[in-house]
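Structural overview for review
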Amino acid sequence: MQTTQASITEIKQQIADRGFSINKGTGGLENSQNLLISGVEPLDQFFGGGLPFGNLLEMGMPHAKGGRICLVPFLAQASVQELWCLWAFALAEVNLFAPAFLGRGVKPEKMFFTHSAQPIEELKSLLLHPLFKVIILDSPQRLKREDLGFLATQARAQGKLIIVIRPYFLSNKLGNIWAHWRVNIWRNHRRKDFIFRPVRGLGAKDLQLGESCLR
Amino acid sequence: MSEVSYFVALKTDFVEEDLLQCLGSKVMQVTANIWLLDLSPFYGYWLKEALKQDRVIPALWRKALNQAFGSEEFDLQIDYKAALASHPWRALLLLFSMEENGQFGFVDGRSNLGHKLLSGLSWASWGKSLEVVSELWETQKLPRFKLSVLRGQLQRFRLAMDRLSIKKPSASKNLKAKALQNRYGKHLSWAWGWTFSNKVEGYFPWKSHNFCPPPVVKRFLDEASFYWEPISHHLVEDLDKICGHLRSQVVTRLDWLLTFEDMTEVLVPLSFRNPHDLMSEQGAHPTVLIHAKNSIESLFKNIIKEGESPNLILSWELTLVESLTLPMLQFDIFGEALEEDSGELTLAKLENQISVPLHRFTLSEDWTPENSFRQWEGEKAEGKTTQENASLKYAALLRPLYLWKKPKPIATLKPEKLTFLESSMNKWWLETQENAHRQYYSETSLEGSRWVFFDGKGGWFEHGIFS
């Protein structure tokens, strides 16, 4: 019994050392800095402790490069914390394969999916309302500079985390002043790891994350 | 995705139009006292209600029907019969089976009792159900359908079953619908197919019941216009007039028939995903205005695209097409209204203001990727971690985030680029299944990684993208 107690204390200490605490109601990891954590230590460290609520983030993830999977642990933690999450995707010829999310610990209760090519028009009421705390817009079409401004303003006003995924690699040639961070993410198929390369914010160092960390 | 039960067959002698619309606005009269309710348009609404009240959806429907057609407190007073199934035909079969067994109240076709009733269904009830549906085909003048011919075919089919000593339909479950078509005609084969599967083709003679004439408001604009401001102002006034006709209903669809300067008419349906309380927005109607504005904008966008000068709106007609009389289910044990909103109520309102539907999914115990998930119905994930569930979750880790709606054939593949992932067997015993045996691989190239499979017939297909 004592051994179990000691193990629990040790785990709690490890979690506390990383700046988190366990929510007794939901069992999810929390931190006091209004960050969404993934529970994957190197990933959270790379993002300075987690993804910051109240911000717009832009991520470059070309299709077939495997980068999107890196967002799923964040969604899993958000769903454990009972935060309302939305994944809106624009590709018309595909269906989203929900088990790939559910198998990685995303709970179905507050995880929503929708097909939306033009989310600013089609999902405006959701973006203006504080209900959904995590919104991922995968490859939105015809997103203008003022639309990005609108997203950043709503993220700040409603305390949301809005992530815009681009189906191409980001560069500094075409900037985005509204995004708090800009980062390219892809999977290196030969080395079987994920590469996180900051374009704006987050320092200059890449992160190489082993595939097994995301299982 | 796997099947969801949306259809309720209801038998009651106590018919009041408002009560029939207590679960959904799509209602069909089958016979004098048998009704079919299609609850699919409001499934999302009922799901939210179930979540709010921490119940499963069928329990909520049972409660609503008890309230409308019976008494909650005393089971003896429940004198209606209602059967829930994923196809209207199966709902009717279940209803006739309930009748045969003297069963009252609400039966879910997926429950143990439902399964028992369906597997015990007699040939007499099956024939009775076909007789009812065939009369509807006849009334609707289905092309190349003759009631007398079908009756003869049914008689011969029953005789054949008697000779083979097959006592009930469930005993010959494996008999394929297509096999019956040549001998007993396509209509009988449709009914046979529906008995055991939803994925069988065929025309079910659905005909929505027309309730009392709907309220209509007509508007003639002082000046033809395409500016949103005057249009919205008059529209709010007209919506308020519609509210004057409502008692306790919530609205699910309004038709806005616009007449343009050149006297052309365009119908703009203003439908709501969740029942909308029009009366609560009197004087402003922001939800309807969002819909109407989007419709008007896309209408004029199309006109301008075509390079024509805008055709101005001259008048319109606003009709309340569908409404619901929701039962009072939101009370706690002390009869106090439940005020607390866990977010589901807000979500229901927000869903009425967006133009795309939102979905929640859960795992389905099925190995084929296409069928391994379904719409979430409010069930809690806890306590459901079966061995199958755990292995399905593991399989999901090797599968991609996006699947093509239909696997795309690939001409050639280089074997050195392939990594074997899994082997799966489709439901080869179902007629509609394609690519029965599949060997899944990840195919990696400079462009990225694709999820491909090699089927039993030697073809390569791309099924998903590792996004």
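Remember, predicted model here, so these are calculated numbers, not experimental data.

Our focus in this paragraph is the overall build of chain A. When you go through chain A residue by residue, the secondary structure sums to seven helices and 13 strands. A globule of 215 residues ought to have a C-alpha radius of gyration of about 17 Å, and chain A, at 17 Å, matches this closely. For chain A, buried positions account for 45% of its 215 residues. Counting contacts in chain A only where the partners sit at least 6 residues apart, residues at least 24 apart contribute 66% of the total.

A few words on the overall build of chain B. In terms of regular secondary structure, chain B is built from 13 helices and 16 strands. The buried share of chain B, taken over its 467 residues, is 35%. Across chain B, every contact between residues at least 6 apart in sequence was considered, and the portion connecting residues at least 24 apart equals 63%.

Attention now goes to helix H12 (residues 344-351) of chain B. Each α-helix turn comprises 3.6 residues. Residues three or four places apart therefore point the same way. Burial of H12(B) is extensive: six of the eight residues sit out of reach of the surface. Buried within H12(B) are the following residues: B:Glu344, B:Leu347, B:Ala348, B:Lys349, B:Leu350 and B:Glu351. Next to the buried residues of H12(B) lie helix H6 (124-128) of chain A together with helix H2 (43-52) and strand S8 (265-276) of chain B.

Glancing now at the confidence of the model for chain B. Residue and element names in this part refer to chain B. Averaged over every residue, the pLDDT of chain B is 84; the share at 70 or more is 88%. Note that residues 331-339 has pLDDT below 50 and, in this model, six contacts with residues that lie over four places away or in other chains. Taken over the whole predicted complex, pTM reads 0.75, whereas the ipTM for its chain interfaces reads 0.85.

Residues and elements named next belong to chain B. Pairing is antiparallel across the open sheet formed by four strands, whose spatial order is S6-S9-S7-S8. Looking at which strands have only one partner, the edges of the open sheet turn out to be strand S6 (216-225) and S8. Averaged over all neighbouring strand pairs, the angle between strand axes comes to 20°, with direction disregarded. Bridge analysis of strand S7 (residues 250-260) against strand S9 (residues 313-324) gives 10 bridges, and the strand direction is antiparallel. By the bridge assignment for S9, Leu258 is matched with Trp316. Lying over the sheet, helix H10 (residues 228-243) contacts S6 and S9, oriented at roughly 165° with respect to S6.

Time to look at the pairing of strand S14 (residues 437-445) of chain B. The two faces of the sheet receive side chains in turn, since in a regular strand these alternate between them. All names here are of chain B. Here strand S13 (residues 418-425) runs beside S14; their pairing, made up of seven bridges, is antiparallel. Among the inter-strand pairings, Met425 is bridged to a residue of S14, identified as His437. One ladder, built from eight bridges, connects S14 with strand S15 (residues 448-455); its direction is antiparallel. Across the sheet, residue Glu443 finds its bridge partner in S15, namely Arg450. Hairpin connection between S14 and S15: a loop of two residues separates the two successive antiparallel strands.

Angle between the axes and distance between the axes are the two parameters that describe a pair of packed helices. Residue and element names in this part refer to chain B. As a packed pair, helix H8 (residues 177-184) and helix H9 (residues 186-196) sit with axes 7 Å apart at the nearest point and diverge in direction by 155°. On the basis of the axis angle, H8 is roughly antiparallel to H9. Crossing angle aside, the handedness with which H8 passes H9 is right-handed. Within the contact between the two elements, H8 uses Ala177, Lys178, Leu180, Gln181 and Tyr184 and H9 uses Lys186, Leu188, Ser189, Trp192 and Gly193.

Structurally, A:Arg104 can be placed in the loop between helix H4 (99-102) and strand S8 (111-115). Taking the C-alpha atoms as reference points, A:Arg104 and A:Asn188, 84 residues apart in sequence, are found 20 Å from one another. Setting aside residues no more than four positions away along its own chain, A:Arg104 makes contact with A:Val72, A:Pro73, A:Ala76 and B:Leu397.

So, on to the sheet that holds strand S5 (residues 55-60) of chain A. All names here are of chain A. Pairing is mixed in the open sheet, where eight strands are placed in the order S8-S6-S9-S10-S5-S11-S12-S13. Of all the strands in the sheet, just S8 and strand S13 (207-210) have a single pairing partner and so form its edges. Along the sheet, successive strands turn relative to each other by an average axial angle of 20°, direction set aside. Summarising the sheet, strand S12 (residues 193-200) and S13 pair through four bridges and their orientation is antiparallel.

Looking now at the nonpolar core. Residues A:Leu75, B:Val8, B:Ala9, B:Ala83, B:Ala91 and B:Leu94 are the most contacted members of the largest nonpolar core, which totals 133 residues. Not counting residues up to four positions away in its chain, the partners in contact with B:Val8 are B:Leu23, B:Leu37, B:Leu39, B:Ala82, B:Ala83, B:Leu84 and B:Ala91. Core analysis: the next-biggest nonpolar cluster, separate from the first, contains 19 residues, B:Leu239, B:Phe272, B:Ile313 and B:Trp316 among them.

It is worth spelling out the interface of chain B and chain A at this point. Listed by partner, the interface residues are 41 residues for chain B and 36 residues for chain A. Elements that contribute at least two residues to the side of chain B that touches chain A include exactly H12, strand S10 (361-363), helix H13 (387-397), strand S12 (402-410), S15 and strand S16 (460-465) of chain B. The class makeup of the residues in the side of chain B that touches chain A is 23 nonpolar, 12 polar and six charged. Here strand S7 (residues 94-96) of chain A runs beside S12(B); their pairing, made up of three bridges, is antiparallel. Within S12(B), the residue paired with A:Asn95 across the bridge is B:Leu403.

Here the phi dihedral of A:Arg142 falls at roughly 50°; this positive angle occurs in a residue that is not glycine. Locating A:Arg142 in the fold gives a position in the loop between strand S9 (132-138) and helix H7 (145-158). Classification of A:Arg142 as exposed rests on a count of 10 C-beta atoms within 10 Å. Even without glycine at this site, B:His285 takes up a positive phi of about 50°. Positionally, B:His285 belongs in the loop between S8 and helix H11 (286-305).

The rules behind each value
- Along each chain, residue indices are assigned from 1 in the same order as the chain's sequence is written.
- Think of it this way: whatever chain is written first is A, whatever ligand is written first is 1, and the rest follow in order.
- Per-residue local features are limited, in this predicted model, to residues with pLDDT of at least 70; the limit for side-chain atom pairs, both in listing and counting, is 80 or more; totals at the level of whole chains, interfaces and linings are taken over all residues.
- Comment: elements are numbered from the N terminus, with helices defined as DSSP H or I runs of at least four residues and strands as E runs of at least two.
- Note that the radius of gyration is over C-alpha atoms, with the globule rule given as 2.2 Å times the number of residues to the power 0.38.
- Residues with at least 20 neighbouring C-beta atoms inside 10 Å of their own are called buried, those with 12 or fewer are called exposed, and the rest are partly exposed, where every C-beta is derived from the backbone.
- What counts as a contact here is a pair of residues whose C-beta atoms, placed from the backbone, lie within 7 Å.
- One number per residue, pLDDT, summarises how confident the predictor is, and it ranges from 0 to 100.
- A pair of strands counts as paired when DSSP detects no fewer than two bridges linking them.
- An axis is simply a line fitted to the C-alpha atoms; with a helix, the fit covers only the stretch in contact. Between two such axes, the angle follows the N-to-C directions and lies from 0 to 180 degrees.
- If an angle is under 35 degrees, it is roughly parallel; if it is over 145, roughly antiparallel; if it lies from 65 to 115, roughly perpendicular; otherwise it is oblique.
- Here a crossing is called left-handed whenever its near helix is offset anticlockwise from the far helix by less than a right angle, and right-handed whenever the offset is clockwise.
- For this entry, the nonpolar core is defined as buried Ala, Val, Leu, Ile, Met, Phe, Trp, Tyr and Cys residues connected by C-beta atoms within 7 Å.
- As a working rule, the residues Ala, Val, Leu, Ile, Met, Phe, Trp, Tyr, Cys and Pro are called nonpolar, Asp, Glu, Lys and Arg charged, and the rest polar, with Gly in that last group.

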